[in-house]
Each structure stands twice: as C-alpha cells, then as structure tokens.
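Fold and contact review
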Amino acid sequence: MTRQPMVAGNWKMNKLTGPAVELAAAVKRGVGTRTDVQVVLCPPFTALKVVAEVVARSPIRLGAQNMHWEAEGAFTGEISAAMLRDVGCEFVILGHSERRAGFQESDALVNRKVCAALQAGLTPIVCVGETLAEREAGQTWTVVTRQVRASLAELKPEQLRRTVIAYEPVWAIGTGRTATPAQAQEVQALIRAVLGELGDGATAQAIRILYGGSVKPANARDLFRQPDIDGGLIGGASLDAAAFLEIIGAACRE
Ligand code: 13P
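Attention in this report is confined to the structure presented alongside it. (Residues numbered from 1 in each chain as written. Predicted model: local features only at pLDDT ≥ 70, side-chain atom pairs only at ≥ 80, totals over all residues. Heavy atoms only, no water.)

Let us look at the pairing of strand β2 (residues 38–42). The side chains of a regular strand alternate between both faces of the sheet. Of all five residues that make up β2, five are buried, and the element is covered over most of its length. As paired strands, strand β1 (residues 6–10) and β2 are joined by five bridges and run parallel to one another. Bridged to Asn10 within β2 is Cys42. The parallel pair β1 and β2, bridged by helix α1 (residues 17–31), forms a crossover whose chirality is right-handed. Pairing geometry for β2 and strand β3 (residues 61–64), over two bridges, is parallel. Looking at the pairing, Val40 lines up with Arg61 of β3. The parallel pair β2 and β3, bridged by helix α2 (residues 48–55), forms a crossover whose chirality is right-handed. (Buried < 20%, exposed > 50% of the residue type's maximum accessible area, 1.4 Å probe, protein only. Helix = DSSP H or I, 4+ residues; strand = E, 2+ residues; numbered from the N terminus. Pairing = 2+ DSSP bridges. Right-handed = clockwise from strand over helix to strand, strands pointing away.)

Quick look at the structure:
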C-alpha cells in the first residue's frame, strides 16, 4: 500500500496577512510542481483568503485550524465548514491538543466537527496524543485508543479513508523534545490497528497518519522513514520557509 506522504504547516496564531503572503509565496516557489509529497498550509482564518490566492494553480492545498460543527446560525465568533470551503480550504485541523486543553474540546465535540467537515467535503486532520503525565503513568495506549475511537465514532469506511490522523504527543509540541522515531512508530502502529477495528484492514492501510511535535529538518527524515509515519504536522518550523521546505524534502519516499 503506498500512501502519498503529506506535510502540513500549522501556523497557529501567527502571521498577519502581509507576512502570510510572503511565507506562502516562498513555500510555493520551493515546492514548484512537485506532487510526490502533498503540501498543506494552515494559516489563521484571517489569512486564508490571501494565502488561497497565492497557492492557486499550485500543488499546495489550503487548510484551516478549526471550525464549528453547525452549518450556520447564531454562533457568534465561529466559522462553518461551508465558509472554509468558500475561501478555498480542502482540509481542516480538528481536535488539536491546544484546543482540547485550552477550549475544553472533548472527544465527542471533536467527533461532531469531524462529521460536519466530512459532510461538507473537507478532509479533517484529526489530532490525538497523550500528555506527559499520561505517558509517565503508562496510559499512552489507553488515551490514544480512546481519542481515536471516540473522535472517529460512527464514520463509515469511505469517510475514514478521507480522514487524516495526526499523532501529536502533547509533551513534544513546541518543546523541542521530539518523540524518538521508535516511540512515534509504536503509537502510530497502534493507531493503525485501531483504525482497522473501526473500518477494515484495507481502510486502515489507506489512511495517512502524520506525526507532529517538534519536527525539524534535523529529525524529520528519521521520523518519516518509519513505516506508519506518513508525514508530519509541523508547527514552529512551518513558519520558516527554508526549514519547512527541507522537511517536505525529507518526506519524499526515495
Ligand atoms: P511544533 O512543531 O511547534 O512542536 O508544533 C506541533 C504542532 O502542534 C502542530 O500542530
């Protein structure tokens, strides 16, 4: 089974429109016409439209970092899946640990968002991962299995196939403390096994599972060489075009 590797840049709450355009243009120049790695940029909501214009007619795809689960209505401050589609998004990051921890997003709520995204034709990038306390208590497998099962509850195999998973151990995010390739592979193989139970073996083999958490040019290649790591969800290093492009280069399957 060959899964197209993917590298997505999660810009988080960074970049005003001017610098966002510059960064997207630099990534576009570096990516050129390459399609061996799927490149996705996830700027903040306010920069989606300008970045969409920069990456139009390039292989680079656009994603958002969050959305609401309802289609429309009285939800002050929220953004719907249709609004994301309207400005050119094809992807949306859901259930990031910064939202689970800072905005009380439960697995059930993430599941509602995943269903809404799929229904609207967006590809969700669903984040899961344990905290340091959970890892040290030996709960990594329990926590990650629960997050995968509950966040993807009720999805049909066809919908599972359109979903991307990102394993992001919370203790590795923004800390410079990356999971070792073996640590990440171990959990990602477990995630694929859980996906097999939710769907079937062929579905599990088709789903891309990214690793996220302090991925840098220096460690990307060893991580991406692992059989169940299909690319990365990159935070800090995606804000620097040269570093991000190096990570993209590391994701191609030689
Ligand atoms: P860093 O790459 O900055 O650790 O962030 C990872 C992340 O949270 C991507 O979603």
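Our focus in this paragraph is the site of the ligand. Every residue lining the ligand is accounted for by Asn10, Lys12, His96, Glu168, Ala172, Ile173, Gly174, Gly213, Ser214, Leu233, Gly235 and Gly236. In the environment of the ligand, an oxygen atom lies 2.8 Å from a nitrogen or oxygen atom belonging to the side chain of Lys12. Residue Glu168 places a side-chain N or O atom 2.9 Å away from an oxygen atom belonging to the ligand. In isolation the ligand exposes 310 Å². Once the protein is present, 96% of that is buried. Looking at side-chain class alone, the shell around the ligand contains three nonpolar, seven polar and two charged residues. (Near = heavy atom within 4 Å. Polar contact = N/O pair within 3.5 Å; in protein donor to acceptor, adjacent residues only side chain to side chain. Areas by Shrake-Rupley, 256 points an atom, 1.4 Å probe, with all protein chains shown as cover. Nonpolar A, V, L, I, M, F, W, Y, C, P; charged D, E, K, R; others polar.)

Let us now look at the layout of surface pockets. Roughly 480 Å³ of volume is contained in the largest pocket. Around the largest pocket, the lining comprises 21 residues; the ones closest to its centre are Lys12, Met13, Phe45, Gln65 and Arg99. The residue inventory of the lining of the largest pocket, partitioned by class, reads eight nonpolar, eight polar and five charged. What the second largest pocket holds in volume is close to 170 Å³. What lines the second largest pocket is a set of 20 residues, among which Lys12, Gly174, Ile234, Gly235 and Gly236 lie closest to the centre. (1 Å grid on protein atoms, 1.4 Å probe; cavity = no way out; pocket = protein on both sides within 12 Å on 5 of 7 lines; lining within 4 Å. Points joined across faces, edges and corners; volume = space filled by probe spheres on them.)

Limitation: the analysis is restricted to geometry and does not speak to function.
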